[in-house]
Amino acid sequence: MYSFPTAANTPYLTSSPHLTCANTDEVHALGRLLSIPASLVQRHPFPGPGLAIRILGPVTRAQVQLLQQADAIYLEEIRAAGLYERISQAFAVLLPVRAVGVMGDRRTYEQVIALRAVQSEDFMTADWFMFPTDVLRRISSRITNEIAGINRVTYDITSKPPGVRPIISYLTLFSGVLLTSTFSIHTFHAIDRLSSGSKMRVAY
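### Some details on the overall build of the protein chain
Counting secondary structure elements, the protein chain contains five helices and eight strands. When the helices and strands of the protein chain are placed in sequence order, the string is α-α-β-α-β-β-β-α-β-β-β-α-β. Scored against the burial criterion, the 204 residues of the protein chain give a buried share of 43%. Roughly 11400 Å² of accessible area belongs to the protein chain as shown, and the carbon and sulfur atoms make up 57% of that amount.

Put into structure tokens, the structure is as follows:
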């Protein structure tokens, strides 16, 4: 479900009441009807609160930067393989666990990235995307070799139902404050400052 601004926090914007409950596929259809460029219409959904919502555990600038790098590599490789428009949504999640690994001649104890990619017609149901093995191998290799602090990459193969697309609920820790799916405008600004530098795609 797409989320539109309200008059209370954005009095300079107005929206049709018919659009406020539009589903993702309906927004895409409307975009095509209005001749909006396909590169915009087909962009994957992106959470309004930013990448911070995809960090399980305490959200810090360092954690956001790790996820930004992993997410950028993931989407870059998907586009390079010509798979972006075949996938309805793809993203990386930073898990609150550490894994033992080996880099060179020493052991490492670093963080884990989970990747998620799904295909869906209406986003009410979704199937996980079956990547070619070489693409997954390249993504994993780049993330673990190019990002200091990550030594393991996993891929989520859960369909919806039972699993939802984001694989995490709208629940995280931000500077010790518990956040739920209801965010104040001040919370959006705080997370936006923390996630500065990330390119927002489409809010949903």
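### Concerning the pattern of salt bridges
Taken as a whole and judged by the stated rule, the model has five salt bridges. Note that Arg138 is salt-bridged to Glu77, the shortest N-O span being 2.9 Å. Of this pair, Arg138 sits in helix α4 (residues 133–146) while Glu77 sits in helix α3 (residues 61–80), and the two are 61 residues apart along the sequence. Given a relative accessible area of 34%, Arg138 falls into the partly exposed group. For Glu77, a relative accessible area of 8% corresponds to the buried category. A salt bridge links Glu146 to Arg142, with the shortest nitrogen-to-oxygen separation between them at 2.8 Å. Of this pair, Glu146 and Arg142 both sit in helix α4, separated by four residues, roughly a single helical turn. Exposure remark for Glu146: the relative accessible area of 44% places this residue in the partly exposed category. Classification of Arg142 by relative accessible area gives buried; the value is 18%. Through salt bridges that share partners, Glu76, Glu77, Arg138, Arg142 and Glu146 make up one connected network.

### Quick look at a nonpolar patch on the surface
Together, Leu30, Leu33, Leu34, Ile36 and Leu40 line one region of the surface with nonpolar side chains, adding up to about 470 Å² of accessible area. Counting through the fold element by element, Leu40 comes out in helix α2 (residues 38–41). A residue is classified by how much of its surface remains accessible, and Leu40, at 42% relative accessible area, is partly exposed.

### Remarks on helix α1 (residues 24–33)
Among all positions of α1, only Thr24, His28 and Gly31 are buried. Take α1 and look down its axis: the buried residues cluster within an arc of 60°, on one side only. On the buried face of α1, the contacting elements are α2 and β1 (45–46). Of the residues one or two after α1, Ser35 is the one with positive phi, at around 60°.

### What about the packing of aromatic side chains?
In this description, a pair of aromatic rings is defined by centroid distance and the angle of the planes. All chains considered together, the criterion is met by four aromatic pairs. The interplanar angle of 50° and the centroid separation of 6.2 Å between the aromatic rings of Tyr74 and Phe131 together place this pair among those described as tilted. One end of the pair, Tyr74, is in helix α3; the other, Phe131, is in the loop between β4 (127–128) and α4, with 57 residues separating them in the sequence. On the accessibility criterion, Phe131 (7% relative accessible area) is buried. Between the aromatic rings of Phe131 and Tyr155, the centroid separation amounts to 5.5 Å while the plane-to-plane angle is 70°, which identifies the pairing as edge-to-face. Separated by 24 residues along the polypeptide, Phe131 in the loop between β4 and α4 and Tyr155 in strand β5 (residues 150–155) bring together distant segments of the chain. By way of ring pairs, the aromatic residues Tyr74, Trp128, Phe129, Phe131 and Tyr155 are connected into one cluster. A cation over a ring is seen here: Arg54 above Phe91, with NZ or CZ 4.2 Å from the ring centre. One residue, Arg79, lies across the ring of Tyr84, its end atom 4.3 Å from the ring centre.

About the thresholds
- Residues numbered from 1 in each chain as written.
- Predicted model: local features only at pLDDT ≥ 70, side-chain atom pairs only at ≥ 80, totals over all residues.
- Heavy atoms only, no water.
- Helix = DSSP H or I, 4+ residues; strand = E, 2+ residues; numbered from the N terminus.
- Buried < 20%, exposed > 50% of the residue type's maximum accessible area, 1.4 Å probe, protein only.
- Areas by Shrake-Rupley, 256 points an atom, 1.4 Å probe, with all protein chains shown as cover.
- Salt bridge = Lys/Arg side-chain N within 4 Å of Asp/Glu carboxyl O.
- Patch = residues over 30% accessible without salt bridge, like charges linked within 9 Å, V, L, I, M, F, W, Y side chains within 5 Å.
- Arc of directions from axis to C-beta.
- Contact = heavy atoms within 4.5 Å.
- Phe/Tyr/Trp six-rings, centres within 6.5 Å; stacked < 30°, edge-to-face > 60°.
- Lys NZ or Arg CZ within 6 Å of the ring centre and 35° of its normal.

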